[in-house]
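Coordinate inspection notes
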Amino acid sequence: MQTIPKTLIEMSSIERAGMMTSVVDALRAMAFDAMEMGDARLAANAVSIAYSIIGCAADRSDEHVEAARFC
């Protein structure tokens, strides 16, 4: 049974945290694969985006969620 996708506004903070964790894990895996293939630039970009997400997650103010609605 599939569930209906939710927007960021509709998600609970636990659901948003889980989503961000999944994205960060995928970016780290991509960075690892890129380094194995010799693409240091792609690896660095993926790690930078992952750390940006981690940094934004540390500030859990609702204004970030509200701002994301318009993206």
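Residues numbered from 1 in each chain as written. Predicted model: local features only at pLDDT ≥ 70, side-chain atom pairs only at ≥ 80, totals over all residues. Heavy atoms only, no water.

It is worth spelling out the pattern of salt bridges at this point. All told, the structure shown has 1 salt bridge when counted by the stated rule. Of the charged contacts in the structure, one is a salt bridge between Glu15 and Lys6, with a shortest N-O distance of 2.9 Å. Given a relative accessible area of 43%, Lys6 falls into the partly exposed group. (Salt bridge = Lys/Arg side-chain N within 4 Å of Asp/Glu carboxyl O. Buried < 20%, exposed > 50% of the residue type's maximum accessible area, 1.4 Å probe, protein only.)

A few words on the nonpolar core. Counting residues in hydrophobic clusters, the biggest one holds 7 residues: Val24, Leu27, Ala31, Ala34, Ala43, Ala46 and Ala50. Looking at this core, the elements with two or more residues in it are α1 (13-36) and α2 (40-58). For this core, the element with the highest residue contribution is α1, accounting for 4 residues. With residues up to four places along the chain from it excluded, the contact list for Ala50 reads Val24 and Leu27. (Core = buried A, V, L, I, M, F, W, Y, C linked by side-chain atoms within 4.5 Å. Helix = DSSP H or I, 4+ residues; strand = E, 2+ residues; numbered from the N terminus. Contact = heavy atoms within 4.5 Å.)

Note on placement: Ala26 falls in helix α1. With 20 residues separating them along the chain, Ala26 and Ala46 place their C-alpha atoms 9.2 Å apart.

Moving on to the confidence of the model for the chain. Taken as a whole, the chain shows an average pLDDT of 82; of its residues, 79% reach a score of 70 or greater. Element-level pLDDT for the chain is lowest in helix α3 (residues 62-68), with a mean of 53, against a maximum mean of 92 in α1. (pLDDT = per-residue confidence, 0-100.)

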